Amino acid sequence: MSQSVRITVDGVEVQVEPGATVLTAATTAGIAVPTLCHEARVDPMGSCRMCLVEIEGQRRLQPSCAFPASDGMVVHTDSGRVRRHRRVLLSMYLADHELDEDGLPKERGTGNRLRQHVLEHGTGPTLPPIAADRSYREDDNPYVHFDPEACILCNLCVRYCDEVEAVSAITLANRGSHTTIATADQRSLLDTSCELCGGCIAVCPTGAMTERPALGLDWRREEKIRTTCNFCGVGCQLDLHVADDRIVRITSPEPGRTVNDGNLCVKGRFAYEFVHHDDRLTTPLIRGGDGELRPASWPEALAAAAAGLLGVKERHGADALGFVSSSRCTGEENYLVQKLARAAFGTNNCHQCAAT
Amino acid sequence: MERKGARRERILELLEEHGGLREGVAAAISAETGVPEADVYGVATFYTLVSRPGVGVRICQGLTCKLAGADARAAELQGHGVDHEWVSCLGRCDRAPVALDPELELIPWGARGAISPDDPELPMNLGGADDASYRALARARGIGAAQVIEQLRAAGLQGRGGAGFPAHIKWSAVRGEADPVRYVVVNADESEPGTFKDREILLRRPHLLIEGAAIAAWVVGASIVYVYIRGEFTDARRSLEAALEAAAPHLDGIEIRIVAGHGAYICGEETALLEAIEGRRGMPRLKPPYPTRSGLWGKPTLMNNVETLACVPSILLRGGDWFQSWGRDEPGSKLYCLSGHVARPGVYELPLGVTLDELVEAGGGYVGTPRAFSPGGAASGFLPISERSRPLDMGGLAAAGSMLGSAGVVVLNDTVDMAQAARWQAIFFQDESCGQCAPCRIGCSLQRRSLDRWIDDRDPATLQHVEEIHWEMEEGSICGLGMTASLPLVTAMRHFPEDFRSQR
Ligand SMILES: Cc1cc2nc3c(=O)[nH]c(=O)nc-3n(C[C@H](O)[C@H](O)[C@H](O)COP(=O)(O)O)c2cc1C
Ligand code: SF4
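Residues numbered from 1 in each chain as written. Chains lettered and ligands numbered in written order. Predicted model: local features only at pLDDT ≥ 70, side-chain atom pairs only at ≥ 80, totals over all residues. Heavy atoms only, no water.

Novice: Explain the overall build of chain B here, please?
Specialist: Per the secondary structure count, chain B includes 23 helices and 13 strands. Whereas a compact globule of 504 residues would reach a radius of gyration of roughly 23 Å, chain B reaches 22 Å, a difference of no more than 12%. Each of the three principal axes of chain B carries a C-alpha extent, and together these read 70 × 55 × 45 Å. Counting every position in chain B, which comprises 504 residues, the buried fraction comes to 64%. Within chain B, contacts between residues separated by at least 24 positions form 72% of all contacts whose residues are at least 6 apart in sequence. For chain B, the computed accessible surface area is about 17300 Å², with 49% contributed by carbon and sulfur atoms. Put simply, chain B has 51 plus and 66 minus side-chain charges, and the middle of one group is 2 Å from the middle of the other. (Helix = DSSP H or I, 4+ residues; strand = E, 2+ residues; numbered from the N terminus. Rg over C-alpha atoms; globule rule 2.2 N^0.38 Å. Buried < 20%, exposed > 50% of the residue type's maximum accessible area, 1.4 Å probe, protein only. Contact = heavy atoms within 4.5 Å. Areas by Shrake-Rupley, 256 points an atom, 1.4 Å probe, with all protein chains shown as cover. Lys, Arg positive; Asp, Glu negative; His and termini not counted. Charge placed at Lys NZ, Arg CZ, Asp CG, Glu CD.)

Below you can see the structure in the form of structure tokens.
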């Protein structure tokens, strides 16, 4: 590896790997640069202009998310010019965004980074709304809700869908002030390659993309509880958002921390309705001689199952039994099922629903 | 994500074959190219010539055409029950007002524009016979690549597409790149309002361009040249195609491919143009890296404007010093596009650095009492007529807070309300912004709204924040479009405050 790069950000000298961006250098120096269209999992686009900084020797302000750090570079992230730029830019964003009673970017779903930036950096002149005309067709899919009025066109959802999921169900469409996010021919997501993983929601900085089942909920009231998804054996980590003892939304821990790297699938993110469903079984049931199911304790249920299985073995031999385990089981659980089949019952008839 | 080996670059020609974007077309093209359907849809909706099939007559709403009575023509068409749509400047301001029929052929309303009279001493001499001898290419091969670059340096040839970057620096940069695969791209997208010189080169002297491009390819070591030609220039494309056939025996392994544009001014910006050839939405890339290092498909790419390349043959035949001495304070001759309130609009080849008065004299004089002019396309803003003796060159105009740009000179007389003139330019930029970056996307809409409000209500408060928005568009935009888009408004307010003063 070639030598590291020395760069000075707001007077702090740091060393970064060759190829690192100015933004990485600033972060290393402990300096926060506001961003909107930046996400480590996708290529930088540099289009939101929030992260522009002054670099000595460069005539123009440059996007720190994309600009490569080089040896001896001197960067200013808090000069008068940069601060003025941030304030006027934020004023302009406000002219193209739905605002609340306080004139701040409206909160949706899991918070609004634009709002945070406005609160932190302030704004310039108060500008009239531009009322951009973005043709958008309502979509009836059950999970992903898109509100073009809250969209700042950072294009993260599109890039995530394409670069991370390789699903490519959405795109930037039209141009100029008509630009919006769309599917092909503006169809419902259900009629596209979309897998409803909801990653677009996770990367959206403003909440323009939100979980439809959680629309209108106040994220500040939600408590996060970390757990492991039990839909398959990958072991994705989930944060269950709980309000009033009910799961109201599920998100992934932030990228880079857990095995799922910020990603979830449609089941992990959206299939939680069963938890609070009336039809959910919460105790074992044993079918009596009259054909009716009656609640039982676990020891009773396990004893009944064991007796039934041993009975088959006795009457017809061990190979009359077969064990099929579930792809919702972990590797350890799958191991135990085959051990049960082979060691306890003496048959090799074991299978798993994900094995073909 | 596109399939490996996807034929993305075919998307736009396929859209044309399918007759534009209708329901199901994106899916069909996705199957044919291996590019995801949504992606195809996103590309298609970017380009006006394919995004809305079934448009009837296209009428130009550029400044010059509006001055020349485009509204009356539109009303006439309406009266005859002909469907029409207003479109951005069609690059034929010398015969304003202008419209295209549904096949994109010119509707001959006005006479053809003028050109400088035939004079063999002129470097490009649009009035002369085209020369298909390819002597300059032979000479380039004779003197060698290094000497060709040296002649360009001596000539002082600067890019004629708007930015004025010295040609020899770009040529040697691409020539010096390590990657053996390089491309030459000719920028024939000419869409800056008021500009129509490249079109005249393509129509009258296409061999000048082909020869210049072939020399460029030979010098930088490229075997393929792409000519990206504005989609609305159907006549110029035919002229170029015919000339390419005649040129073939001379090109000796250099392949020249024509790629048509599909209706997007921004694709004249060099990196947006590369995106368009690659079959993407024409959104400018971040620079660095510059195309000379990472251009078409990531390869070193030399891009020049049509006029820049058309200067090359005469430089090689008569010497860089000869070309250099053509100019006044800056080197060479220049094609000036003259339109608006003048007697004979047209393309005039004159020493770089003539004054407005000299140019207009070549064009038969002013019509009415001149009041303002826009010296270099919409992006150059407006200057008051008191600047009529200023040299029309890069330094001269930059000193006045303007620019030579594409040398599309539009003259406005005292019948014009400068707020209205600024508004036509603001509409142009709002329609043509690619929309990827917020300062330009939102700023163009804000400035347009301010002007609308001013013209409708004459309330000065609507213009209160024009300067601050302009500041941010200039500082924060990704490309030149956003950086300059509010100059027409800002300069109109600066130089013609009386048109922005409340009468009440
Ligand atoms: C918004 C915008 C539009 C442009 N349009 C054109 C154009 O139509 N034709 C052109 O040659 N250059 C155009 N340019 C300039 C090109 O980006 C580039 O500088 C030029 O093609 C380089 O060639 P040259 O060095 O020979 O001038 C445009 C630039 C911008 C920012
Ligand atoms: S300045 Fe305008 S045209 Fe240029 S990249 Fe930004 S939005 Fe697109």
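Here the narrative resumes.
Novice: Got a minute to help me understand the sheet that holds strand β2 (residues 84-87) of chain B in this structure?
Specialist: Residue and element names in this part refer to chain B. Pairing is mixed in the open sheet, where three strands are placed in the order β2-β1-β3. The sheet is open, and its two edges are formed by β2 and β3 (99-100), each paired on a single side. In the sheet, strand β1 (residues 57-60) pairs with β3 via two bridges, with the strands oriented antiparallel. What sits directly across from Arg58, in β3, is Leu100. Sitting on the sheet, helix α6 (residues 70-79) is in contact with β1 and β2, with an inclination near 160° to β2. (Pairing = 2+ DSSP bridges. Axes fitted to C-alpha atoms, helices over the stretch in contact; angles between N-to-C directions.)

Novice: I keep staring at helix α23 (residues 487-495) of chain B and nothing clicks. Help me out?
Specialist: Owing to its 3.6 residues per turn, the α-helix aligns residues three or four sequence positions apart on the same side. What α23 of chain B keeps buried is the set Leu487, Pro488, Leu489, Val490, Thr491 and Ala492 of chain B. In this structure, the buried residues of α23 of chain B make contact with α19 (418-432), α20 (438-457), α21 (466-476) and α22 (480-484) of chain B.

Novice: Please clarify how the environment of Asn141 of chain A should be interpreted in this entry.
Specialist: All names here are of chain A. On the secondary structure map, Asn141 appears in the loop between α3 (113-121) and β6 (144-146). Each C-alpha atom, one on Asn141 and one on Gly216, is 17 Å from the other, the two residues being 75 residues apart in sequence. Asn141 has contacts with Ser188, Leu189, Leu190, Leu196 and Arg212, leaving out every residue within four places of it along the chain. Of note is the side chain of Asn141, whose polar atom sits 2.7 Å from the backbone nitrogen of Val144. (Polar contact = N/O pair within 3.5 Å; in protein donor to acceptor, adjacent residues only side chain to side chain.)

Novice: Which parts of the structure should I look at to understand the pattern of salt bridges?
Specialist: Note that side chains of opposite charge can pair when their charged atoms are close. Residues and elements named next belong to chain B. In this structure the tally under the stated criterion is 62 salt bridges over all chains. With a shortest N-O distance of 3.1 Å, Glu13 and Arg10 are connected by a salt bridge. The class of Glu13 is partly exposed, set by a relative accessible area of 40%. For Glu278, the salt bridge identified is with Arg285, shortest N-O distance 2.9 Å. Judged on exposure class, the residue Glu278 and its partner Arg285 are both buried. Taken together, the shared-partner salt bridges connect Asp94, Arg112, Arg199, Glu200 and Arg204 into one network. (Salt bridge = Lys/Arg side-chain N within 4 Å of Asp/Glu carboxyl O.)

Novice: Would you take a moment to explain the state of the cysteines for this structure?
Specialist: Every disulfide links exactly two cysteines, by a covalent bond between their sulfur atoms. Evaluated as defined, the whole model comprises zero disulfides over all chains. For Cys265 of chain A, which is in no disulfide, the shortest distance to another cysteine sulfur is to Cys229 of chain A and amounts to 6.3 Å. Given a relative accessible area of 41%, Cys265 of chain A falls into the partly exposed group. Looking at the unpaired Cys60 of chain B, the closest cysteine sulfur is the one in Cys65 of chain B, lying at 3.5 Å. Given the relative accessible area of 2%, Cys60 of chain B is considered buried. (Disulfide = S-S within 2.5 Å.)

Novice: I keep staring at the site of ligand 1 and nothing clicks. Help me out?
Specialist: All names here are of chain B. Lining the immediate surroundings of ligand 1 are 20 residues, of which Gly161, Lys170, Asn304, Asn305 and Thr308 lie closest. Interatomic distance of 2.8 Å between a side-chain N/O atom of Asn304 and an oxygen atom of ligand 1. Residue assignment for the shell around ligand 1 shows that the elements contributing at least two residues are β8 (301-305) and α22. The element contributing the most residues to the shell around ligand 1 is β8, with three residues. (Near = heavy atom within 4 Å.)

Novice: When you look at a nonpolar patch on the surface in this model, what are you seeing that I'm missing?
Specialist: Together, Leu281, Leu285 and Leu293 of chain A make up a nonpolar patch on the protein surface, roughly 290 Å² of accessible area in all. Its place among the elements puts Leu285 of chain A in strand β13 (residues 285-287). (Patch = residues over 30% accessible without salt bridge, like charges linked within 9 Å, V, L, I, M, F, W, Y side chains within 5 Å.)

Novice: Is there a simple way to think about the domain arrangement of chain B in this case?
Specialist: Many structure descriptions define interface size as the accessible area lost when the parts assemble. All names here are of chain B. Taken domain by domain, chain B holds domain 1 (8-45), domain 2 (135-324), domain 3 (335-413) and domain 4 (418-500). For domain 3 and domain 4, the distance between their C-alpha centroids amounts to 22 Å. Contacts between the two partners involve 10 residues from domain 3, matched on the other side by 14 residues from domain 4. Overall, the association of domain 3 and domain 4 removes approximately 1100 Å² of surface from exposure, summing both partners, and the carbon and sulfur fraction of that is 66%. Per-residue buried area on domain 3 facing domain 4 is highest for Arg371, Ala378 and Phe382; these three make up 56% of the total on that side. Counting across the domain 3 and domain 4 interface gives two salt bridges. The salt bridge involving Glu498 is made with Arg371; its shortest N-O contact spans 3.0 Å. Summed over the shared surface of domain 3 and domain 4, the result is three residue pairs in polar contact (both at pLDDT 80 or more). (Domains from an automatic or database assignment. Buried area = accessible area lost by both parts, 1.4 Å probe.)

Novice: What is the right way to read the packing of aromatic side chains from this model?
Specialist: Each aromatic ring pair is characterised by the separation of its centres together with the angle its planes make. Evaluated as defined, the whole model comprises 11 aromatic pairs over all chains. Each ring, one from Phe46 of chain B and one from Tyr47 of chain B, has its centre 5.1 Å from the other, and the planes form 65°; the classification is edge-to-face. Of the two residues examined, Phe46 of chain B and Tyr47 of chain B, each falls in the buried class. A connected cluster of aromatic rings, assembled from ring pairs, spans Tyr183, Tyr226 and Trp297 of chain B. Cation over ring: Arg175 of chain A sits above Phe46 of chain B, and NZ or CZ is 5.7 Å from the ring centre. (Phe/Tyr/Trp six-rings, centres within 6.5 Å; stacked < 30°, edge-to-face > 60°. Lys NZ or Arg CZ within 6 Å of the ring centre and 35° of its normal.)

Novice: What exactly am I supposed to notice about the interface of chain A and chain B here?
Specialist: With 49 residues of chain A in contact, the opposing surface of chain B contributes 50 residues. In this assembly, chain A and chain B are joined by five salt bridges. Arg187 of chain A serves as the salt-bridge partner of Glu37 of chain B, at 2.9 Å between the closest nitrogen and oxygen. Counting across the chain A and chain B interface gives 22 residue pairs in polar contact (both at pLDDT 80 or more). The element best represented in the side of chain A that touches chain B is helix α2 (residues 80-94) of chain A, accounting for seven residues. Class assignment for the residues of the side of chain A that touches chain B results in 26 nonpolar, 13 polar and 10 charged. (Nonpolar A, V, L, I, M, F, W, Y, C, P; charged D, E, K, R; others polar.)

Novice: What should I look at first to understand the pairing of strand β5 (residues 183-188) of chain B in this one?
Specialist: Remark: a regular strand shows side chains that alternate across the two faces of the sheet. All names here are of chain B. Within β5, six of the six residues are buried, leaving the element largely enclosed by the surrounding structure. Covered by surrounding structure in β5 are Tyr183, Val185 and Asn187 together with Val184, Val186 and Ala188, the residues of both alternating faces. Sheet topology note: the β5/strand β6 (residues 224-229) ladder contains six bridges and is parallel. Bridge pairing in β6 places Val186 opposite Val227. Pairing analysis gives five bridges linking β5 to β8, with the strands arranged parallel. Pairing of Val185 across the sheet is with Met303, part of β8.

Novice: So what exactly am I meant to see when it comes to the nonpolar core here?
Specialist: For soluble globular proteins, nonpolar side chains are generally found buried alongside one another. Counting residues in each nonpolar core, the largest one holds 101 residues, and the members touching the most others are Tyr93, Ile181 and Met209 of chain A together with Leu15, Tyr47, Ile266 and Phe429 of chain B. No other element matches α2 of chain A, which puts six residues into this core. If we ignore the near neighbours within four places in the chain, the residues touching Phe429 of chain B are Tyr265, Ala378, Ala379, Cys444, Leu481, Ala485 and Pro488 of chain B. Formed by 76 residues, the second largest nonpolar core is a distinct cluster that contains Ala136, Ile149, Ala214 and Phe323 of chain B. (Core = buried A, V, L, I, M, F, W, Y, C linked by side-chain atoms within 4.5 Å.)

Novice: Could you clarify how one ought to interpret the domain arrangement of chain A in this entry?
Specialist: Residues and elements named next belong to chain A. For chain A, the assigned domains are domain 1 (5-121), domain 2 (144-273) and domain 3 (317-356). The distance between the C-alpha centroids of domain 1 and domain 2 comes to 24 Å. The interface is formed by 22 residues belonging to domain 1 together with 26 residues belonging to domain 2. A buried area of about 2100 Å², summed over both sides, lies between domain 1 and domain 2, and 55% of it is on carbon and sulfur atoms. Taken together, the links from domain 1 to domain 2 amount to two salt bridges. The salt bridge partner of Arg220 is Glu107, with a shortest N-O separation of 2.3 Å. Where domain 1 packs against domain 2, one counts nine residue pairs in polar contact (both at pLDDT 80 or more). Per-class residue counts for the side of domain 1 that touches domain 2 are seven nonpolar, seven polar and eight charged.

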